[in-house]
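Understanding the architecture of this molecule
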Amino acid sequence: MVEYRIDRRSGVATYVQIVQQTKQALRLGLLEPGDKLPTAREVVEATAINPNTVLKAYRELEREGLVEARRGLGTFVRRGLNTAPADSPLRTELDKWAVRAREAGLDRDDVDALFTSVLDTHFKLDTHYKQDTHYKGDAS
């Protein structure tokens, strides 16, 4: 099950953070079709956010066809996005790179800026990438 982490200083709307984290879990194969998302109550208890915010995020995910609400049962994953599973060799390489970056003295914001710059170079025309980062405003 996914555990949401809300960064209140990020400038990203809380519901968007939930949508982004759910999509990330789907991409990594941590959530798969048939899996149940945490209830709004569980998310509220874990994050101290408004239940309507959780419901708004889940409605957005449902609108995108990623999840479906089943009355009285909860919200379930309809389809995955896992093209890069968590055990991918690429993840292993990226993990090693992140260790080297940290050892070189880079902090999270430095790594984020560097990685986003590389992504922007290689994925200029990828509309899905632009759509996901649209909510962020910038790379931070």
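Just so you know, these numbers come straight off a predicted model, no measurement behind them.

1. What about the packing of aromatic side chains?
Summed over all chains, the structure comprises 1 aromatic pair. Sitting above the plane of the Tyr-15 ring, Lys-56 keeps its charged end 4.2 Å from the centroid. Sitting above the plane of the Phe-76 ring, Arg-70 keeps its charged end 4.2 Å from the centroid.

2. What about unusual backbone geometry?
Even without a glycine there, the phi angle at Ala-48 is positive, about 60°. Summarising the element assignment, Ala-48 is placed in the loop between α2 (40-47) and α3 (51-63). Using a relative accessible area of 63% as the deciding quantity, one classes Ala-48 as exposed.

3. Observations regarding α2
All buried positions along α2 are accounted for by Ala-40, Val-43 and Thr-47. End-on, the buried residues of α2 take up no more than an arc of 65°, which puts them together on one face. Exposed residues pointing more than 90 degrees away from the buried face of α2 are listed as Arg-41, Glu-45 and Ala-46. Among the structural elements, α1 (14-27) and α3 are those in contact with the buried residues of α2.

4. Details of the nonpolar core
By size, the foremost hydrophobic cluster in this structure holds 22 residues, and its most contacted members are Ile-18, Leu-37 and Tyr-58. Counting only elements with at least two residues in this core, the list comes to α1, α2 and α3. Per-element accounting of this core gives the leading share, 6 residues, to α1. The residues contacting Ile-18, other than those within four sequence positions of it, are Tyr-4, Ile-6, Val-43, Ile-49, Val-54, Ala-57 and Tyr-58.

5. Focus on the side chain of Thr-75
Looking at the secondary structure, you find Thr-75 in strand β2 (residues 74-77). Residue class for Thr-75 comes out buried when judged on its relative accessible area of 12%. The contacts of Thr-75, once residues within four sequence positions are left out, are Asp-35, Lys-36, Leu-37, Tyr-58, Val-67, Glu-68 and Ala-69.

6. Topic: the pattern of salt bridges
Oppositely charged side chains can form a pair if their charged atoms are brought close together. The final tally for this structure, using the stated rule, is 3 salt bridges. In this structure, the salt-bridge partner of Arg-63 is Glu-60, at a minimum N-O distance of 2.6 Å. In this pair, Arg-63 and Glu-60 are both assigned in helix α3, 3 residues apart and thus about one turn of the helix distant. Among the ionic pairs, Arg-70 bridges to Glu-68, the shortest N-O distance being 3.2 Å. Since its relative accessible area comes to 29%, Glu-68 is described here as partly exposed.

7. Describing α1
Taking 1.5 Å of rise per residue, 14 residues should cover 20 Å, and α1 covers 20 Å from first to last C-alpha, within 8% of that figure. A large share of α1 lies buried, amounting to 10 of its 14 residues. Every buried residue of α1 is listed here: Tyr-15, Val-16, Gln-17, Ile-18, Val-19, Gln-21, Thr-22, Lys-23, Ala-25 and Leu-26. One or two positions beyond α1, positive phi appears at Gly-29, with a value near 80°.

About the criteria used
- Residues numbered from 1 in each chain as written.
- Predicted model: local features only at pLDDT ≥ 70, side-chain atom pairs only at ≥ 80, totals over all residues.
- Heavy atoms only, no water.
- Phe/Tyr/Trp six-rings, centres within 6.5 Å; stacked < 30°, edge-to-face > 60°.
- Lys NZ or Arg CZ within 6 Å of the ring centre and 35° of its normal.
- Helix = DSSP H or I, 4+ residues; strand = E, 2+ residues; numbered from the N terminus.
- Buried < 20%, exposed > 50% of the residue type's maximum accessible area, 1.4 Å probe, protein only.
- Arc of directions from axis to C-beta.
- Contact = heavy atoms within 4.5 Å.
- Core = buried A, V, L, I, M, F, W, Y, C linked by side-chain atoms within 4.5 Å.
- Salt bridge = Lys/Arg side-chain N within 4 Å of Asp/Glu carboxyl O.
- Expected span 1.5 Å × (residues − 1).

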